[in-house]
Amino acid sequence: MSSSVKVVVTGAAGQIAYSLIPRLVDGKTFGNKKVNLTLVEIPQVVEKLKGLVMELEDSYFPNMGEVKYTDNFEEASKDADWFLLVGSIPRGIVYNGKKIEERSDLLSINGGIFVDQGKAIGEHGKANAKILVVGNPANTNAFIGKNAANNDSQLWMAMTMLDSNRAKSVISKKTNTDISDVTNMIIWGNHSPTMYPDSENVCINGVLGSEAINDMTWVESEFIPSVQQRGKAVIDARGASSATSAAKAAIDTVIACENPTPSGICFSAAIASDGSYDVPEGIICGYPLMTLEDGTVDIKRDIALSDFAKSKFQISIDELLEEKEAVKHLMK
Ligand code: NAD
Ligand code: LMR
């Protein structure tokens, strides 16, 4: 085996983690590397992880290294290369007598988790650690965590790959193409009902969506709302939020970051804005990204946005700014 990677997963006893964790050690996500796992849960459920570790041992994963579990995040974070921050409360449940309807309702419940975790990652994670926030509201949780980490050599991301995968599926049905023929499905902005899935810059068999789809009525009245509301539709149908598709999207994000992105291609995740595309600096915004040969992840800056796209994207930027304002008490 060439080398090893240490991956920390929070929310390890939850439903996303149950699909996610086996895929981290299956020899595909990190290629030939040995994968050491540290699984983190809250004290009330941490002992359940013993059963998950037993199952991992029973599964015969040749690439699996050491597997530990703990409720001590600070200890877990030491020298980790990757952090998959899934641990948090999902919407669709009743919390303190109130049904959680929107991801933003989770801000006051989940936001605090990311202050302590961010601080520990900044102090103890590897200098080039990559952090993917899955727990909602993912962008603003990542914003809180990155601020607390105060370590600019680390990369904080919030997951929008699930939205991108959902949008690819809708586009492939509309255009009667294989899903593998759909690339560059960019999600601009927030992982929330304001996200802007870009049907103009998506690539279908090498042709831009602006040409291949050519049906703006469908884009506005069906495509965009269906992608924006897909998380809710799954919750309504399943009685629980997306889990296996969320886990697959987290794996897709890790793979996209671990391998150089082919020329002309991009993938979707939200990272801190450096002012690109006129987004105010610092907010964690969904962008088209690419992984460079040296392993750094950067924004693809040559995408043309129409006036329609700019107006939709602005709605999501404004929402991110409102969320930033709502968590200013958590900033130091
Ligand atoms: P779940 O309730 O099944 O599991 C969450 C787990 O996190 C629980 O076991 C809980 O004990 C644990 N947890 C809570 N606080 C923690 C902490 N401080 N440290 C470690 N663990 C902690 O929920 P789930 O379905 O796995 O979803 C997890 C989160 O992911 C939710 O916030 C959900 O909304 C979000 N989500 C995001 C996306 C996305 O595309 N970004 C997609 C699906 C779900
Ligand atoms: C999703 O998009 O499925 C998740 O963010 C869960 C949710 O609350 O919608």
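Only a predicted model underlies this, so the values are computations on that prediction, with no experimental measurement involved.

About the criteria used
- Residues numbered from 1 in each chain as written.
- Chains lettered and ligands numbered in written order.
- Predicted model: local features only at pLDDT ≥ 70, side-chain atom pairs only at ≥ 80, totals over all residues.
- Pairing = 2+ DSSP bridges.
- Helix = DSSP H or I, 4+ residues; strand = E, 2+ residues; numbered from the N terminus.
- Domains from an automatic or database assignment.
- Contact = placed C-beta atoms within 7 Å.
- Nonpolar A, V, L, I, M, F, W, Y, C, P; charged D, E, K, R; others polar.
- Near = placed C-beta within 6 Å.
- Expected span 1.5 Å × (residues − 1).
- Buried ≥ 20, exposed ≤ 12 C-beta atoms within 10 Å, placed from the backbone.
- Axes fitted to C-alpha atoms, helices over the stretch in contact; angles between N-to-C directions.

Across the sheet, which stays open at both edges, the 3 strands sit in the order E9-E12-E13 with antiparallel pairing between neighbours. Each of the sheet's edge strands pairs with one partner strand only, and the pair in question is strand E9 (182–183) and strand E13 (207–208). The pairing of strand E12 (residues 203–204) with E13 spans 2 bridges and is classified as antiparallel. Bridge pairing links Cys203 to Leu208 in E13.

Domain boundaries in the protein chain define domain 1 (4–158) and domain 2 (161–326). For domain 1 versus domain 2, the distance between C-alpha centres works out to 22 Å. On the domain 2 side, the residues contacting the 29 residues of domain 1 number 28 residues. Counting only elements with at least two residues in the side of domain 1 that touches domain 2, the list comes to helix H1 (15–24), strand E4 (82–85), strand E7 (130–133), helix H6 (138–149) and strand E8 (155–158). Per-element accounting of the side of domain 1 that touches domain 2 gives the leading share, 6 residues, to H6. Classifying every residue of the side of domain 1 that touches domain 2 gives 17 nonpolar, 7 polar and 5 charged.

This brings us to the site of ligand 2. Close to ligand 2 lie Pro90, Arg91, Arg103, Asn136, Leu162, Gly231, Lys232, Val234, Ser241 and Ser242, which account for all nearby residues. Residues belonging to the shell around ligand 2 are distributed by class as follows: 3 nonpolar, 4 polar and 3 charged. Lining the shell around ligand 2 are residues from two domains, each supplying at least three of them: domain 1 (4–158) and domain 2 (161–326).

A turn of α-helix holds 3.6 residues, and therefore any two residues three or four places apart point the same way. For helix H11 (residues 244–258), built from 15 residues, the straight-helix expectation of 21 Å at 1.5 Å per residue is met to within 8% by its first-to-last C-alpha distance of 21 Å. Considered for burial, the residues of H11 that qualify are Ala246, Ala247, Ala249, Ala250, Thr253, Val254, Ala256 and Cys257.

Glancing now at the sheet that holds strand E1 (residues 4–10). The sheet built from 9 strands is open, its strands ordered E3-E2-E1-E4-E7-E8-E14-E15-E16 with mixed pairing. Looking at strand neighbours, the two that pair on one side only are strand E3 (64–70) and strand E16 (297–299), the edges of this open sheet. On average, adjacent strands in this sheet sit at an angle of 30 degrees to one another, irrespective of strand direction. Across 4 bridges, the pairing between E7 and E8 is parallel. Considered in E8, the bridge of Val133 is made with Ala158.

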